[in-house]
Amino acid sequence: MTDTARRMTFNQRVQIFIKASPARMAVIISLMLFAITVAFNPPSFNANTLNAVLLLTLLLSFAAAGQTMVLIGGGLDFSVGAMMSSAAILTTYLMNGQDGKFWLVFGLAMLMGAAVGFLNGFCSIKIDLPPMIVTMAISNVVTRVGYVLTQGSPSGWVGPSFRQSIVAKIAGVVPSLTLYALIVFPLVFFLLNRSRFGKQLYLMGNNPTAAALAGIKVNRVRVLMYIFSGMLSCFAGMIGAGYMSTARAQIFDEYAFTSLVAVIVGGTAFTGGIGSYTGSIAGALLITVLSNGLTVLQLSQPIRNIVQGVVMILLLILYNRARPVRQ
Amino acid sequence: MMEGVRRAFERFRRTPAFMGFSLFIFVLILNIVVQTPGQFFSARNMNSLFSKNVPLLLTTMAMTPLLISGTLDIAIGIQLAMVNVVSVMVFQQWGTSLYVGFLMGMLASLVVSVFCWFLVSVLRLPAMLASYSLIYIVRGINVLVMPSPQGRIPDAFYKTYDMRLGGFFPFSALFPLVVLIAWYYLMRTRFGRNIYAVGGNPRNAFAAGIDPVWVQFQAFMIKGVITGLAGIALTLMTASGNPLQGEAYGLRSLSAAIIGGLGFGGWGSMACAVFGTGFLVLIQNTVYYFFSLLTKAIPGFTVTSYWQNLVSDVIIFLGLLMTIVTAKGQREALRQGFVRQFKRRERLGD
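The structure presented is a predicted model; accordingly, all values stated were derived computationally and were not measured.

Draft legend 1. Geometry of the packing of aromatic side chains. Counted by the stated rule, this structure contains 30 aromatic pairs over all chains. Summarising the aromatic geometry, the rings of Phe118 of chain A and Phe122 of chain A are spaced 6.0 Å apart at their centres and angled 20° between planes, so their arrangement reads as stacked. Within this pair, Phe118 of chain A and its partner Phe122 of chain A are both found in helix H6 (residues 102-126), separated by 4 residues, close to a single helical turn. For Phe118 of chain A, a relative accessible area of 42% puts it in the partly exposed group. Measuring from centroid to centroid gives 5.2 Å for Tyr288 of chain B and Tyr289 of chain B, while their planes differ by 80°, and the two rings are edge-to-face. Overall, the relative accessible area of 24% leaves Tyr289 of chain B in the partly exposed class.

Here it is in structure tokens:
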């Protein structure tokens, strides 16, 4: 064993270390990045920054929850961002400062998420195209509906106590959004690791044909995973609206890509069947710390764009290379 | 005679372009009805249709070799902006002729294409994600080169672009025409066959002695050249520089190609790209004229551009749904191909 280990190149060893536990790796990298940021700019280490990093990490990990499921099931959901934006618009529009409407908004958002998720699942089964394109087309339609409803300008605002339930600081550092996480995280972990749906999802992502032969209703599982993804994205959109307090169309569209990056950094394979939600949470932390670092170091917008792209490509190189044609 | 026509039609019905062609004809008739034939066929309308949409048409055409060879590049839209930015900045800062600017823009497009090829074919990253990351990099470079929209190209250039040759033939239509001719020449070479083999199944192609990486390199180079032309057309159309334009061209050209009947790998032709783009462009046109017709017909009826965008995006989505039928046609064509093969074998007595 040690003999083979010695014969491996440095590159292979790095890859094995990362693949052993992507979540651990992501946490290590984010801590290192944070240390570098603080070293370059010591005043940036304060309660406010920590609070903001935690808040955005949690928000991103909510958005990434559905994406994790879909990626494990061998699909891809690019409508997360558009769905979040639409849910945010719905929240501010209906709530309009009244906290009492929380459950109405929650119910409608879940309904919308389930409906669009169903459409995503149904179309990606029926249309013989990569799911990324199908979900992109659907998310375009969802975005346009958002524009029609708002006529391009923000309308309404969220209830004050709903906002406080997200941004209030516990002990000066921890955002009270953590309380929501105490509900969402166990739910997602239960769905992925303990429920029958989760087991079937992993099997299906690993090999759809084998799963179908083993008696799993593959199409039903596929539609279900998109529905869960839609509902989780809409929930994330509501939370995001609470954080921002107003919403306009396309406000969270970036999350389609960032959530995907977070999930992949967390070690969920693009090919399906491999991955965990722990990894996605760690990935969300890494992405948030990175973007915080880029902000703190006061890099200009184009440089930040380039860094984002290069980091994503490096991550793809580390995790997601296809097998060579010559075997 | 009738039999011959019928068989030719049967043969055409089995080609990948048929679906896109029928959609295109349908929406063309719709557009002519909505806009009235006299207005639609007027030289002015034709000219503006071409000059406004040639960049999108060229982008879809650039996507075609990639799709046939089994990859894609979603960052193609922002690359148009890159060609635009480099051309205008070289012209403005170095004080050279605009032709030199266009040449440098073309070079920039080729460099990005080679980089994308390196990521997708050599490093074997998932094409969709790798090229999506490329959007961020190219956008960053664009803004570094040109921080804000600026610049102006000489009048003679964009006036030529808007010119009508012989009173009716739009000058801008020359771009896609040249590309089409060059493409159909290429299809008659060895490359034309290899690209389908690689797209269909890279492993089998490799076993048959075709290097997939090299064929995809050629496809990316062709894409780079056509993207360069598209960027030049965009520069001529807007007559100025803007580092952040054109990003939507990536997804739009992809949906145009798919609606036109191109599949992922080894299925489709350049005609698919043309029909698909035609469908997309004319749908938008029709929706616009239909709404203005409604506004005139019903007093007090007003509609914002948001509604128009919604309707045309829904139609694009429905167009993608139509590919359910295309996919069926594709499977059917494959099945008939197998049947023919077997029959031939029986006849030859293998």
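Draft legend 2. A look at the interface of chain B and chain A. The interface of chain B with chain A comprises 42 residues on the first partner and 44 residues on the second. Here Arg144 of chain A makes a salt bridge to Asp313 of chain B, at a shortest N to O gap of 3.1 Å. On inspection of chain B and its partner chain A, the count reaches 1 residue pair in polar contact (both at pLDDT 80 or more). Among the secondary structure elements, those contributing two or more residues to the side of chain B that touches chain A are helix H6 (98-122), helix H7 (127-145), helix H11 (202-207), helix H13 (249-259) and helix H15 (305-348) of chain B. Considering every element that reaches the side of chain B that touches chain A, the biggest residue donor is H15 of chain B, with 13 residues.

Draft legend 3. Region of the structure containing the pattern of salt bridges. Residue and element names in this part refer to chain B. Under the defined criterion, the tally for this structure stands at 5 salt bridges over all chains. Ionic pairing is found between Arg139 and Glu247, a salt bridge with its closest N-O pair at 3.0 Å. With Arg139 in helix H7 and Glu247 in the loop between helix H12 (212-238) and H13, the pair connects residues that are 108 residues apart, well separated along the chain. The partly exposed category is assigned to Glu247, whose relative accessible area is 30%.

Draft legend 4. Focus on helix H14 (residues 277-296) of chain A. Residues and elements named next belong to chain A. Given a rise of 1.5 Å per residue, 20 residues ought to cover 28 Å, and the 28 Å separating the end C-alpha atoms of H14 matches this to within 8%. In terms of burial, H14 is largely enclosed, as 16 of its 20 residues are buried. Following H14 by one or two positions, Gln298 has its phi on the positive side, about 55°.

Draft legend 5. Local environment of the domain arrangement of chain B. Residue and element names in this part refer to chain B. As assigned here, chain B comprises domain 1 (1-36 + 272-350) and domain 2 (52-268). Spacing between the C-alpha centres of domain 1 and domain 2 amounts to 24 Å. Opposite the 21 residues of domain 1 that make contact, domain 2 presents 17 residues. At the surface where domain 1 touches domain 2, the tally comes to 0 salt bridges. At the level of secondary structure, the elements contributing two or more residues to the side of domain 1 that touches domain 2 comprise helix H2 (17-35), helix H14 (270-297) and H15. At 9 residues, H14 tops the list of elements feeding residues into the side of domain 1 that touches domain 2. Residue composition of the side of domain 1 that touches domain 2, by class: 12 nonpolar, 8 polar and 1 charged.

Draft legend 6. Focus on the side chain of Ser109 of chain B. Tracing the backbone through its elements, the reader meets Ser109 of chain B in helix H6. Residue class for Ser109 of chain B comes out buried when judged on its relative accessible area of 1%.

Draft legend 7. A look at the packing of helix H4 (residues 47-72) of chain A against H14 of chain A. All names here are of chain A. Where H4 meets H14, the closest approach of the two axes is 8 Å, and the angle between their N-to-C directions is 135°. By the angle between their directions, the pair H4 and H14 is classed as oblique. Once H4 is placed against H14, the crossing between them reads as right-handed. Together, Thr49, Val53, Leu56, Thr57, Leu60, Ser61, Phe62, Ala64, Ala65 and Thr68 of H4 and Tyr277, Ser280, Ile281, Ala284, Leu285, Ile287, Thr288, Val289 and Asn292 of H14 make up the contact between the two elements.

Draft legend 8. Representation of the packing of H13 of chain B against H14 of chain B in the model. All names here are of chain B. Running from amino to carboxyl end, H13 crosses H14 at an angle of 115°, the nearest separation of the two axes being 7 Å. With respect to their mutual orientation, H13 and H14 come out roughly perpendicular. For the element pair H13 and H14, the recorded crossing hand is right-handed. Listed contacts from H14 to Arg252, Ala256 and Ile259 of H13 are Gly276, Thr277, Phe279, Leu280 and Gln284. Residues of the contact of H13 with H14, tallied by class, amount to 4 nonpolar, 3 polar and 1 charged.

Draft legend 9. Fine view of a nonpolar patch on the surface. A cluster of nonpolar side chains, contributed by Ile36, Phe40, Leu297, Leu299 and Ile303 of chain A together with Ile141, Leu144 and Val145 of chain B, occupies part of the molecular surface with about 650 Å² of accessible area. When contributions to the nonpolar patch are tallied by element, the ones reaching two or more residues are helix H3 (22-40) of chain A together with H7 of chain B. It is H7 of chain B that provides the largest number of residues to the nonpolar patch, a total of 3 residues.

Draft legend 10. Spotlight on the layout of surface pockets. Within this model, the second largest pocket holds a volume of roughly 1,500 Å³. Asn140 and Arg144 of chain A together with Ala248, Arg252 and Asp313 of chain B are the residues nearest the centre of the second largest pocket, which is lined by 47 residues in total. Residue assignment for the lining of the second largest pocket shows that the elements contributing at least two residues are helix H5 (80-95), helix H7 (131-150) and helix H13 (255-265) of chain A together with helix H4 (43-68), H7, H13, H14 and H15 of chain B. Take the lining of the second largest pocket: its biggest share by element is 8 residues, from H7 of chain A.

Draft legend 11. Molecular detail of the environment of Gly100 of chain A. For Gly100 of chain A, the location among the structural elements is in the loop between H5 and H6. Separated by 55 residues in the primary sequence, Gly100 of chain A and Ser155 of chain A have C-alpha atoms spaced 18 Å apart.

Draft legend 12. Up close: unusual backbone geometry. All names here are of chain B. For Thr36, which is not glycine, the phi dihedral falls at a positive 65°. Within the secondary structure layout, Thr36 lies in the loop between H2 and helix H3 (37-40). In this model, Ala239 sits at a positive phi of 60°, which is unusual for a non-glycine residue. Inspection of the secondary structure assignment puts Ala239 in the loop between H12 and H13.

Draft legend 13. Representation of the nonpolar core within the structure. Counting 193 residues, the largest nonpolar core has Phe62 and Leu201 of chain A together with Leu58 and Tyr132 of chain B as its most contacted members. Lining this core are residues from two domains, each supplying at least three of them: domain 1 (1-36 + 272-350) and domain 2 (52-268) of chain B. Leave out the neighbours within four places in its chain, and Leu58 of chain B touches Phe175, Pro176, Val179, Ile226, Leu229, Ala230 and Ala233 of chain B.

Draft legend 14. Local environment of a positive patch on the surface. Residue and element names in this part refer to chain B. Side chains of Arg7, Arg11, Arg14 and Arg340 sit close together on the surface and give a patch of like positive charge. Here the element with the most residues in the positive patch is helix H1 (residues 2-14); it accounts for 3 residues. Tracing the backbone shows Arg7 in helix H1.

Draft legend 15. A look at H4 of chain B. All names here are of chain B. The end-to-end C-alpha separation of H4 is 35 Å, in line with the 38 Å expected for 26 residues at 1.5 Å each. Maximal helix bending in H4 amounts to about 50°, located at Asn53; proline Pro55 follows within four positions. Positive backbone phi, at 90°, marks Gly70, one or two positions downstream of H4.

Draft legend 16. The arrangement of the environment of Ser292 of chain B in detail. Looking at the element boundaries, Ser292 of chain B is found in helix H14. Distance in space between the C-alpha atoms of Ser292 of chain B and Val303 of chain B is 8.6 Å, their sequence separation being 11 residues.

So, how was this worked out
- Residues numbered from 1 in each chain as written.
- Chains lettered and ligands numbered in written order.
- Predicted model: local features only at pLDDT ≥ 70, side-chain atom pairs only at ≥ 80, totals over all residues.
- Heavy atoms only, no water.
- Phe/Tyr/Trp six-rings, centres within 6.5 Å; stacked < 30°, edge-to-face > 60°.
- Helix = DSSP H or I, 4+ residues; strand = E, 2+ residues; numbered from the N terminus.
- Buried < 20%, exposed > 50% of the residue type's maximum accessible area, 1.4 Å probe, protein only.
- Contact = heavy atoms within 4.5 Å.
- Salt bridge = Lys/Arg side-chain N within 4 Å of Asp/Glu carboxyl O.
- Polar contact = N/O pair within 3.5 Å; in protein donor to acceptor, adjacent residues only side chain to side chain.
- Expected span 1.5 Å × (residues − 1).
- Domains from an automatic or database assignment.
- Nonpolar A, V, L, I, M, F, W, Y, C, P; charged D, E, K, R; others polar.
- Axes fitted to C-alpha atoms, helices over the stretch in contact; angles between N-to-C directions.
- Parallel < 35°, antiparallel > 145°, perpendicular 65-115°, else oblique.
- Left-handed = near helix turned anticlockwise from the far one by under 90°.
- Patch = residues over 30% accessible without salt bridge, like charges linked within 9 Å, V, L, I, M, F, W, Y side chains within 5 Å.
- Areas by Shrake-Rupley, 256 points an atom, 1.4 Å probe, with all protein chains shown as cover.
- 1 Å grid on protein atoms, 1.4 Å probe; cavity = no way out; pocket = protein on both sides within 12 Å on 5 of 7 lines; lining within 4 Å.
- Points joined across faces, edges and corners; volume = space filled by probe spheres on them.
- Core = buried A, V, L, I, M, F, W, Y, C linked by side-chain atoms within 4.5 Å.
- Lys, Arg positive; Asp, Glu negative; His and termini not counted.
- Charge placed at Lys NZ, Arg CZ, Asp CG, Glu CD.
- Bend = angle between axes of the 7 residues up to and from the residue.

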